[in-house]
Structure formats: structure tokens, C-alpha cells
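The chain contents come next:
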Amino acid sequence: MSSNLELKRICQQCGKEFIAKKTTTKFCSLSCGQRNYKVRQRMNKIETENAQIRASHLVHSGPIADHSPEQDLVDIKMLAFVTSMSTSTIFRLIKDPEFPRVKIGGRLLFDKRVVVEYLRRRYGNW
Ligand SMILES: [Zn+2]
């Protein structure tokens, strides 16, 4: 069986056509291979740096994007819903002048996170 391994390939570094002896050969010469290796190393380094920048960006911007102030301000029914308490329990609790509340145009609203912080401080350690 004759070994007919004359494969025409395009060098991945310089773009010239060459005859490869193995199917895995990607470069026309050793120097092209070495040059390409250096380029790839540089590309890998840039990609790693970009990934690190993206990761740190996610960490810093994540919580800000999740919490807009509008979503944290709720009425008493919604507060009951999010805290799993009954509205009558909340009515009893807000007799405490310390209970955090927001009055906007005669409406009584609550900042969920502040209320939870208050409950945690006052009643529990969960
Ligand atoms: Zn080449």
C-alpha cells in the first residue's frame, strides 16, 4: 500500500499553500508554527484579561441592576405578602413609631429591605 500523504494545505500563519506530511500539520514551516504559537499565546492572554474584566464588572454591577428603589417600595398588602405576615400583624407592628415607613401623599408605603432589616434587628437573628 503506497503512502500517498501529499496533502495540500494552507498555512495558518502565512496563508501560503504547502504540502503537508501529516493531516495535523497546520503550518508550512517550523518558523510559521512558532510565530503562530506566540500569536495564540498573546490572544489567550488578552482573552483571559477580558474574562477577568467581565467577571469583575459582573460582581460590581450585579446588585445595582437588581435593586431599583421603585421595586423596594411596597404598600401594606404587598409587604404582608413579601414578609409572609398578615396585614393585621403589620398593623400591630407599625404602632411602634420605630417601624420604618414611608409616607407619600397620604399613602403609607414600606421599603421592603429596610423593614426586613428592622425585623431582623428587633425580633430575630435569622
Ligand atoms: Zn507559513
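Calculation notes
Residues numbered from 1 in each chain as written. Predicted model: local features only at pLDDT ≥ 70, side-chain atom pairs only at ≥ 80, totals over all residues. Heavy atoms only, no water. Donors = N, O, S within 2.8 Å, 3.2 Å for Na, K, Ca; no water. Tetrahedral: all angles 85-135°; square planar, octahedral: opposite > 155°, others 65-115°. Buried < 20%, exposed > 50% of the residue type's maximum accessible area, 1.4 Å probe, protein only. Helix = DSSP H or I, 4+ residues; strand = E, 2+ residues; numbered from the N terminus. Polar contact = N/O pair within 3.5 Å; in protein donor to acceptor, adjacent residues only side chain to side chain. Salt bridge = Lys/Arg side-chain N within 4 Å of Asp/Glu carboxyl O. Core = buried A, V, L, I, M, F, W, Y, C linked by side-chain atoms within 4.5 Å. Contact = heavy atoms within 4.5 Å.

Can you walk me through the coordination of the zinc ion in this structure?
Put simply, a metal with four donors set out as a tetrahedron has ideal angles of 109.5 degrees, and one with six donors set out as an octahedron has ideal angles of 90 or 180 degrees. The zinc ion binds to the protein through Cys 11 (SG), Cys 14 (SG), Cys 28 (SG) and Cys 32 (SG); the donor distances cover 2.3 Å. In this structure, the zinc ion is surrounded by 4 donor atoms whose angles at the metal cover 101 to 115 degrees, and the resulting shape is tetrahedral. Donor residues binding the zinc ion come from one chain and are separated in sequence as C-x2-C-x13-C-x3-C. Overall, the relative accessible area of 4% leaves Cys 32 in the buried class.

Please explain the side chain of Asp 72 as it appears in this structure.
Mapped onto the secondary structure, Asp 72 falls in helix H2 (residues 69–72). For Asp 72, a relative accessible area of 4% translates into the label buried. In this structure the side chain of Asp 72 is engaged in a polar contact, spanning 3.0 Å, whose partner is the side chain of Arg 113.

I keep staring at the pattern of salt bridges and nothing clicks. Help me out?
As a working rule, side chains carrying opposite charge can pair if their charged atoms are close by. Overall, the coordinates contain 5 salt bridges when judged by the stated rule. In this structure, Glu 49 engages Lys 45 in a salt bridge whose closest nitrogen and oxygen atoms are separated by 3.4 Å. With Glu 49 and Lys 45 both in helix H1 (residues 30–66) and 4 residues apart, the pair spans about one turn of that helix. Lys 45 sits in the exposed class, given a relative accessible area of 52%. Across the salt bridge formed by Arg 113 and Asp 72, the nearest N and O atoms sit 3.0 Å from each other. With a gap of 41 residues between them, Arg 113 in helix H5 (residues 112–123) and Asp 72 in helix H2 connect regions that are remote in the sequence.

Whenever I open this one, the nonpolar core confuses me. Can you help?
Buried together is how nonpolar side chains tend to be arranged in soluble globular proteins. If you look at the biggest cluster of nonpolar residues, it comprises 12 residues: Val 74, Ile 76, Leu 79, Ala 80, Ile 90, Leu 93, Ile 94, Phe 99, Phe 110, Val 115, Tyr 118 and Leu 119. For this core, the secondary-structure elements that each account for two or more residues are helix H3 (76–83), helix H4 (87–93) and H5. Those residues in contact with Phe 99 that lie beyond four places of it in its chain are Leu 79, Leu 93, Ile 94, Phe 110, Val 115, Tyr 118 and Leu 119. By size, the runner-up hydrophobic cluster in this structure holds 5 residues, among which are Cys 11, Phe 18, Ala 20 and Phe 27.

The analysis is restricted to geometry; functional conclusions fall outside its scope.
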